[in-house]
Amino acid sequence: MPPFLCRKAKAVVQRALLALAVGACALAWAPPASAQTGLPTLGDGSELGSSAERRLGDRIIRELYRDPDYIDDPVLEDYVQGLWQSLLAAARARGELSAELDERFAWEVLLGRDRSVNAFALPGGYLGLHLGLVGVTSTRDELASVLAHELSHVLQRHVSRLLTAQKKQTPLLLGALVLGALAASKNPDAAQALVVGGRALLLQNQLNFSRDMEREADRIGYGLMAPAGFAPQGFVGMFDKLQQANRLNDNGSWPYLRSHPLTTERSADMHARIPPGTAIGATAAAPATLEHALVAARARVLANPGVDSLRQWIAEPQSSGWASQPLPHRAAALYVAALGSSQLRDAAGARAAAQKLDGLVRNAPDARQASDPATRRLLGLLNAEIELAAGAADAALQALQALPAGSDTGRPELLLRTRALLQARRAGEGAQALQTWVANHPKDATAWQLLAAVAQAQGQTLRAVRAEAEAHAARYDYAAAADRFKAGQDLARRSGAAVDHIDASIIDTRLRAMESLLREQAAER
Ligand SMILES: [Zn+2]
């Protein structure tokens, strides 16, 4: 069990663990039946199998996807994905990630719209990352160091070891949970009391990674940094930040610090790994620092800071001493002012700040910063977003067209362009690109949702209903997906000959798939 889950996720983990325990118990009582239904098992009592752990993880994130704090921000998601995929590739190349685990686990990072500084590993290769943590990092290397550390917990199977330890060390408790779950099918109220009692016990014990596990995650994570293209000093930068927050006694908004109590030993260990004479913190390339400053600024705005904080931040570029701030700081403040104003529906203020930001970057003393395509791309996406929010769809499309060559094929561009076309009542022009995207990325729930809107705008109701169903399926909500597919079937029947028969037969097939998945889930319960 990961130690630094938010309270809500912890409850979800408990429920999922309960489901898993039932699966294991069913296996003990009736092996042939469970083999037929493919129940998750706890193996032969030693290690939690990777398939079982993945299914546990899927159950957990199905709940997290429903959490209003879950956020799919295409720009942040794209950036974090870039870091995450580099680390995964390094782990593969170094033999830290076996082909089996690579295939079985999800390797997905979920962003949380939360101001607190937190990140956590979940069962099955899922990672939770709060925007508050992204917002306090100064370099991509610092953010990468957190991802590398959490990734290493997963690679070293620390999560599964904790889950297995739970099973070993509290057999009575798990037994109670299993009985409670079995009782639940007859009497939900009785089961609830047992689960609540069980949760209290579970939370008290053995939920933290051990010091050895933390040290191992530091060591493996550190080793991944350079091969993944990051400065290993990011670890030190992050440690220094954590230590500073510790001194300020700021634990409340830094849950990461609570779950990773910073022993001077761990910090010293990291410092010792840096070759003598290496400058700490100043090694990241200048353009990367500017790009990261804008990304972190975006995370701070999207982390739900509240209107008062937002207004304060928007005013920062007018404050005295502003001009003497370092360039990344000024760029970040202008980005916050632009995006924040847009969120407060002040289009004029947003445009003015974005224009100022553009000028600041163009005139950067370092030519690499002035012409960095990644930074220019972020500015273009920001402009498009501001225009879209202002209802100026044509201006948004122009901003997207003006993106640096080669940087207009990403997911943020696709989603923004489709939204702008929808707003301009030209939905049809965006349909094909989006259709191709979901064919290649069937787990992209946001893209499916947008495709539903596009189809609806074109009067293709059946296609819209199917896309809505796929959006639910992509987030493991098979019941909701089945509902929509059934609605699609009804619609097809009522529409008769007017309906697209390919769409109708896809809906039939997909409904059967959902029903089969639902039966599997019911068997696990
Ligand atoms: Zn850790």
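A few points on the structure. (Residues numbered from 1 in each chain as written. Predicted model: local features only at pLDDT ≥ 70, side-chain atom pairs only at ≥ 80, totals over all residues. Heavy atoms only, no water.)

1. Re the overall build of the chain
What the chain contains, in helices and strands, is 27 helices and four strands. Counting all 525 residues of the chain, 54% fall into the buried class. By element, 52% of the accessible surface of the chain is carried by carbon and sulfur atoms, the whole surface being about 22800 Å². (Helix = DSSP H or I, 4+ residues; strand = E, 2+ residues; numbered from the N terminus. Buried < 20%, exposed > 50% of the residue type's maximum accessible area, 1.4 Å probe, protein only. Areas by Shrake-Rupley, 256 points an atom, 1.4 Å probe, with all protein chains shown as cover.)

2. Considerations on the pattern of salt bridges
Oppositely charged side chains may form a pair once their charged atoms are brought near each other. In this structure the tally under the stated criterion is 25 salt bridges. Asp358 serves as the salt-bridge partner of Arg362, at 2.8 Å between the closest nitrogen and oxygen. Here Arg362 and its partner Asp358 are both found in helix α18 (residues 347-362), four residues apart, which amounts to about one turn of the helix. Judged by relative accessible area, which is 51%, Arg362 ranks as exposed. Note on Asp358: relative accessible area 18%, which makes it buried. Taken together, the shared-partner salt bridges connect Asp72, Glu77, Arg411 and Asp444 into one network. (Salt bridge = Lys/Arg side-chain N within 4 Å of Asp/Glu carboxyl O.)

3. Here we look at unusual backbone geometry
Note: most residues except glycine have negative phi, and most peptide bonds are trans. You will see that Trp107, though not glycine, has its phi angle at about 50°, which is positive. Along the chain, Trp107 falls in the loop between α5 (99-104) and β2 (108-112).

4. Some words on the packing of aromatic side chains
Under the definition given, this model contains four aromatic pairs. Consider the rings of Tyr476 and Tyr478, whose centres lie 6.4 Å apart with planes at 80°: the pair is edge-to-face. In this arrangement the basic side chain of Arg273 is found over the ring face of Tyr222, its NZ or CZ atom lying 5.8 Å from the centre. In this arrangement the basic side chain of Lys443 is found over the ring face of Tyr476, its NZ or CZ atom lying 4.1 Å from the centre. (Phe/Tyr/Trp six-rings, centres within 6.5 Å; stacked < 30°, edge-to-face > 60°. Lys NZ or Arg CZ within 6 Å of the ring centre and 35° of its normal.)

5. Some points on the nonpolar core
In terms of nonpolar packing, the biggest core is built from 98 residues, with Trp107, Leu129, Leu133 and Leu357 touching the most fellow members. Excluding its chain neighbours within four sequence positions, the residues that come into contact with Leu357 are Leu294, Ala331, Leu334, Tyr335, Leu379 and Leu382. One finds Ile61, Leu64, Leu110 and Phe485 within the second-largest nonpolar core, a separate group that totals 26 residues. (Core = buried A, V, L, I, M, F, W, Y, C linked by side-chain atoms within 4.5 Å. Contact = heavy atoms within 4.5 Å.)

6. Things to note about the sheet that holds strand β4 (residues 126-130)
With mixed pairing, the four strands of this open sheet are ordered in space as β1-β2-β4-β3. The open sheet is flanked by β1 (70-71) and β3 (119-122), the only strands paired with a single partner. Judged from the five bridges that link them, β2 and β4 form a sheet pairing that is parallel. Its bridge partner lying in β4, Gly112 is registered against His130. Where helix α4 (residues 74-93) meets the sheet, its contacts fall on β2 and β4, and the angle it forms with β2 comes to roughly 140°. (Pairing = 2+ DSSP bridges. Axes fitted to C-alpha atoms, helices over the stretch in contact; angles between N-to-C directions.)

7. Side note on the pairing of β2
A large share of β2 lies buried, amounting to four of its five residues. Strand direction decides the pairing type here: β1 and β2, joined by two bridges, are antiparallel. Residue Ile71 lies in a different strand from β2, and its bridge partner there is Leu111.

8. A short note on the environment of Leu491
The residue Leu491 is located in helix α26 (residues 478-495) in this model. Since its relative accessible area comes to 17%, Leu491 is described here as buried. The sequence separation of Leu491 and Val465 amounts to 26 residues, and the corresponding C-alpha distance is 9.1 Å. Setting aside residues no more than four positions away along its own chain, Leu491 makes contact with Thr461, Leu462 and Val465.

9. Remarks on helix α3 (residues 50-66)
When the terminal C-alpha atoms of α3 are compared, their 25 Å separation across 17 residues agrees well with the 24 Å that a helix rising 1.5 Å per residue should span. Of all 17 residues making up α3, 13 are buried, and the element is well covered by its neighbours. (Expected span 1.5 Å × (residues − 1).)

10. Digging into the pairing of β3
The side-chain alternation of β3 yields two buried faces, one formed by Ala119 and Ala121 and the other by Phe120 and Leu122. The antiparallel pairing of β3 with β4 creates a hairpin that spans three residues between the two strands, and Gly124 there sits at a positive phi of about 85°.

11. Structural notes on the packing of helix α7 (residues 140-155) against helix α11 (residues 211-225)
Contact geometry of α7 with α11 gives a least axis separation of 8 Å together with a crossing angle of 125°. As summarised for this structure, α7 and α11 are arranged oblique, according to the angle between their axes. Handedness of the α7/α11 crossing: right-handed. Taken together, the residues of α11 that come into contact with α7 (itself represented by Asp141, Ala144, Ser145, Ala148, His149, Leu151, Ser152, His153 and Leu155) are Met213, Glu214, Ala217, Asp218, Ile220, Gly221, Leu224 and Met225. Among the residues forming the contact of α7 with α11, the class breakdown is nine nonpolar, five polar and three charged. (Parallel < 35°, antiparallel > 145°, perpendicular 65-115°, else oblique. Left-handed = near helix turned anticlockwise from the far one by under 90°. Nonpolar A, V, L, I, M, F, W, Y, C, P; charged D, E, K, R; others polar.)

12. Quick look at helix α17 (residues 327-343)
End to end, α17 covers 24 Å across 17 residues, agreeing with the expected 24 Å (1.5 Å per residue, within 8%). The element α17 is extensively covered by neighbouring structure, given that 14 of its 17 residues are classed as buried.

13. Notes on the side chain of Asp503
The topology assignment puts Asp503 in helix α27 (residues 501-524). On the accessibility criterion, Asp503 (10% relative accessible area) is buried. Not counting residues up to four positions away in its chain, the partners in contact with Asp503 are Leu462 and Arg463.

That is the geometry; function is a separate question.
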